[in-house]
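Here's the letter readout for the chains.
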Amino acid sequence: MKTVALAGNPNVGKSTLFNTLTGLRQHTGNWPGKTVGVAQGTARKLPGYTIVDLPGTYSLEGASEDERLAAEYIASDEADCIVVVCDGSCLERNLILTLQILQRTQNVVLCVNLMDEAERRGFRVDGAALEEQLGIPVVLTAAGRRRGIQELLEAIRNHVPVPPEQVRAWDDPVQRASQIAEKCVTRSANANDGWRVVLDRVLVSRRRGIPIMLLLLLVIVWLTVSGANIPSAMLERLFSAGYSVLKGWMEPLPLWVAGILLDGVYATTTRVIAVMLPPMAIFFPLFTILEDVGYLPRMAFLLDRSMYRCGGCGKQALTLCMGLGCNAVGVTGCRIIDSPRERLAAILTNAMVPCNGRFPTLILLGSLFFADAGGALVVALCVIAGVLGAMLTTGILSKTALRHEKSTFIMELPPFRRPRIGQILVRSLLDRTLFVAGRAVSVAAPAGAGLWLLGNTEILGALAQLLDPVGSILGMNGVILLAFLLSLPANELLMPIIMMILTGSSVLTGVEPTGQMLLAAGWTLETALCTMIFSVFHWPCATTLLTIRKETGSNAKTAAAFLLPTAVGGILCAMVNLLL
Amino acid sequence: MEIMLCDMKPGERVVVTKITDENSLKGRLREFGMVPGTELHCRYLSPGGDLAALELRGTVIAVRRKDLTGIYARRCV
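One structure accompanies this document, and this report is about it. Model, not experiment: these values are computed from the prediction. (Residues numbered from 1 in each chain as written. Chains lettered and ligands numbered in written order. Predicted model: local features only at pLDDT ≥ 70, side-chain atom pairs only at ≥ 80, totals over all residues. Heavy atoms only, no water.)

1. A word on the overall build of chain B
For step 1, the next point in the chain: Counting its regular elements, chain B contains one helix and six strands.
For step 2, the next point in the chain: Going from the N terminus to the C terminus, chain B shows its helices and strands as β-β-α-β-β-β-β.
For step 3, the next point in the chain: Taken over the C-alpha atoms alone, chain B extends approximately 30 × 30 × 25 Å along its principal axes.
For step 4, the next point in the chain: For chain B, buried positions account for 55% of its 77 residues.
For step 5, the next point in the chain: A sequence separation of at least 24 residues applies to 58% of the contacts in chain B between residues at least 6 apart.
For step 6, the next point in the chain: A gap of 2 Å separates the mean positions of the 13 positive and 10 negative side-chain charges of chain B. (Helix = DSSP H or I, 4+ residues; strand = E, 2+ residues; numbered from the N terminus. Buried < 20%, exposed > 50% of the residue type's maximum accessible area, 1.4 Å probe, protein only. Contact = heavy atoms within 4.5 Å. Lys, Arg positive; Asp, Glu negative; His and termini not counted. Charge placed at Lys NZ, Arg CZ, Asp CG, Glu CD.)

Written as structure tokens, this is what we have:
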């Protein structure tokens, strides 16, 4: 089995190339000794090869975890062939890494990618001249449009391994990269970059920059909230129909078996999917479009100042945005933060941004108790509160437990690209669907079984009573607190569990709570407010906790991630309780 | 006329003359190809004036201006 490794700078379309080659035949593995995962896969058109996607790095001499991983991998000679992926529009800089790699091994194929964008911007790359200069095969591609892929596969197949003794000596990569680029790249005089410059000016301008950003986020939240309603309802109808069908099939089985499987596992799992999938299927493609266009670094550019004052950096703002869709994704996204302490602070506070799964709770309570201000607005306010909480907590952490020397911040601002909307929609939809389905099965299903068992005993009622004193201090009650605890597997389950306990059933019913039902159960305005506050500021869900454990490798840090938002929520609720 | 990079204004083009040890970003800037002799173009600053977008070797990078101390450059005419 031969191995091909994809190396290259960030933002060169390496991942797109990897996805194009492997399709869905990939998984994230663990490279020995590292906690960061490396994606591996196989390609139908390249039988007998494993393809490894190394993290994007600017050089092999950097100190960040990604860079050390890439450098070690290349030095280990584990790959039979390394494909260095470059961006045709900034070949000069990309060649620095290429030459550094060539200093270590000659088993390299150069893939100059994003040629469609480069040509649009007036760049011409002379592949033959590059081959001559570097002494390795060079392929020009546009992976997004599947251009040049055949040639790349051929180059890999025809590659003859070069023994280490024959490695050509390269001097100073920086100067050499400049010389080579000068010989092999030309740019036409009337390159139409004008609109990109103007757009950049507008997006980071003093007056319009931040308002535009807030507007974009509001639009995304609004589209997520309102767009998800119809698909969610459709899914629930579909699953209801499924319920009836399955119930028929399960007639011959003993009651408790049907009970666990149907009312426990099926009801909970389908509930999670119906509630969770539509918003995520809207949010993440939209977010990925922003990323593809190149807007996100501009957002970090605008927010770095405020984040820096809290001991963080602009990139943390991006992870908070990701957390808006799903906190587990936000936590994984913290890899883009270089400083280990800043990264940890970002991981610990990410759950303070309410994820898609908490939107339904917030909208419901917001509209029932606080006059129908519009679901999106309520969510937006809660998001702002969450972000402020995260920033404040990061600030406190950076002055106490995670005190660190001021770190440096350096980030590339890539040129704006035309987003490949079709491809994004398909890939994002697929990714999200698989993720949610996987999570539903692994986390919600067992939870559902457990809930059904508990619901059939008197335990829930008893536990609720036990938790009443604590609940009251927090402005809520025992039922709500118990529901929070039981919705650890998935935040979407909060209101369904509350309804389940209040109606005394053992099934997660699809009964929508109304104002009267909750008032009859003793809720007040304060109860709703505290529940919403605690929904924003409480422990991360099980999936997020598992992700934190994987990313940090430490049980202590995971425990801190559990306690930190909870403490904030507890303090806030107690204060509200005292004041109101 | 030599200036320190942190004093660069939007729209200015300069050539780097020397990078002293004072600078905290040295290694990372080198990865992007910033060495003595490199041409830089300051594209714009952030609204608060704390970050600068610098173009070098076809790439635009965002750097905190206070991290640019210790790098000297000569204005291009």
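2. Concerning the interface of chain B and chain A
For step 1, the next point in the chain: Counting from both sides, the interface comprises 29 residues of chain B and, opposite them, 35 residues of chain A.
For step 2, the next point in the chain: Between chain B and chain A, the buried area comes to about 2,900 Å², and carbon and sulfur atoms account for 57% of it.
For step 3, the next point in the chain: When the buried surface of chain B facing chain A is broken down by residue, Tyr44, Pro47 and Arg64 of chain B rank first, second and third, together holding 25% of it.
For step 4, the next point in the chain: For glutamate 92 of chain A, the salt bridge goes to arginine 57 of chain B, with nearest N and O atoms at 2.5 Å.
For step 5, the next point in the chain: One can count eleven residue pairs in polar contact (both at pLDDT 80 or more) joining chain B with chain A.
For step 6, the next point in the chain: Residue contributions to the side of chain B that touches chain A peak at six residues, all from strand β5 (residues 59-64) of chain B.
For step 7, the next point in the chain: Residue composition of the side of chain B that touches chain A, by class: 14 nonpolar, six polar and nine charged.
For step 8, the next point in the chain: By the bridge criterion, three bridges tie strand β10 (residues 410-412) of chain A to β5 of chain B in an arrangement that is antiparallel. If you follow methionine 411 of chain A over to β5 of chain B, its bridge partner there is alanine 62 of chain B. (Buried area = accessible area lost by both parts, 1.4 Å probe. Salt bridge = Lys/Arg side-chain N within 4 Å of Asp/Glu carboxyl O. Polar contact = N/O pair within 3.5 Å; in protein donor to acceptor, adjacent residues only side chain to side chain. Nonpolar A, V, L, I, M, F, W, Y, C, P; charged D, E, K, R; others polar. Pairing = 2+ DSSP bridges.)

3. Focus: the pairing of β5 of chain B
Residue and element names in this part refer to chain B.
For step 1, the next point in the chain: Most of β5 sits out of view: six of its six residues are buried.
For step 2, the next point in the chain: Side chains of β5 alternate between two faces, with Thr59, Ile61 and Val63 and Val60, Ala62 and Arg64 buried alike.
For step 3, the next point in the chain: Note that strand β4 (residues 51-56) and β5 share six bridges and pair antiparallel. The residue of β5 that forms the bridge with alanine 53 is alanine 62.
For step 4, the next point in the chain: Taking the residues between adjacent antiparallel strands as the criterion, β4 and β5 are bridged by two residues, where arginine 57 takes a positive phi near 50 degrees.

4. Things to note about the environment of leucine 40 of chain B
Residues and elements named next belong to chain B.
For step 1, the next point in the chain: Position of leucine 40 among the secondary structure elements: in strand β3 (residues 39-45).
For step 2, the next point in the chain: On the basis of relative accessibility, which here comes to 2%, the residue leucine 40 falls in the buried class.
For step 3, the next point in the chain: Each C-alpha atom, one on leucine 40 and one on valine 16, is 7.4 Å from the other, the two residues being 24 residues apart in sequence.
For step 4, the next point in the chain: In this structure leucine 40 touches Leu5, Met8, Glu12, Arg13, Val14, Val16, Met34, Glu55 and Leu56, once residues within four positions along its chain are discounted.

5. Let's talk about the nonpolar core
As a rule of thumb, soluble globular proteins bury nonpolar side chains together.
All names here are of chain A.
For step 1, the next point in the chain: The biggest cluster of nonpolar side chains holds 115 residues, and the ones touching the most others in it are Met299, Phe301, Leu413, Met476, Ile497 and Ile498.
For step 2, the next point in the chain: It is helix α10 (residues 255-293) that provides the largest number of residues to this core, a total of 15 residues.
For step 3, the next point in the chain: Setting aside residues up to four positions removed in sequence, methionine 476 forms contacts with Gly471, Leu481, Phe484, Thr527, Cys530, Thr531 and Phe534.
For step 4, the next point in the chain: Residues Leu69, Ala118, Ala181 and Val185 belong to the second largest nonpolar core, which totals 41 residues. (Core = buried A, V, L, I, M, F, W, Y, C linked by side-chain atoms within 4.5 Å.)

6. Observations regarding the layout of surface pockets
For step 1, the next point in the chain: Estimates place the volume of the second largest pocket at around 900 Å³.
For step 2, the next point in the chain: Glu55, Leu56, Arg57, Gly58 and Thr59 of chain B are, among the 39 residues lining the second largest pocket, the residues nearest its centre.
For step 3, the next point in the chain: Elements represented by at least two residues in the lining of the second largest pocket include exactly α3 (91-102), α7 (173-184), β9 (185-187) and α8 (194-203) of chain A together with β3, β4 and β5 of chain B.
For step 4, the next point in the chain: Classifying every residue of the lining of the second largest pocket gives 15 nonpolar, nine polar and 15 charged. (1 Å grid on protein atoms, 1.4 Å probe; cavity = no way out; pocket = protein on both sides within 12 Å on 5 of 7 lines; lining within 4 Å. Points joined across faces, edges and corners; volume = space filled by probe spheres on them.)

7. Observations concerning empty space enclosed by the protein
For step 1, the next point in the chain: Under the counting rule described, the total for this entry stands at four cavities of 30 Å³ or more.
For step 2, the next point in the chain: Quantified by volume, the largest cavity comes out at close to 40 Å³.

8. Concerning the side chain of aspartate 263 of chain A
Residues and elements named next belong to chain A.
For step 1, the next point in the chain: With respect to the element layout, aspartate 263 can be found in helix α10.
For step 2, the next point in the chain: Buried within the structure, aspartate 263 lacks any salt-bridge partner; lysine 247 is the closest side chain of opposite charge, at an N-O distance of 5.1 Å.
For step 3, the next point in the chain: Of note is the side chain of aspartate 263, whose polar atom sits 2.3 Å from the side chain of tyrosine 243.
For step 4, the next point in the chain: Discounting chain neighbours no more than four positions away, the residues touching aspartate 263 are Tyr243, Ala258, Trp452, Val507 and Leu508.

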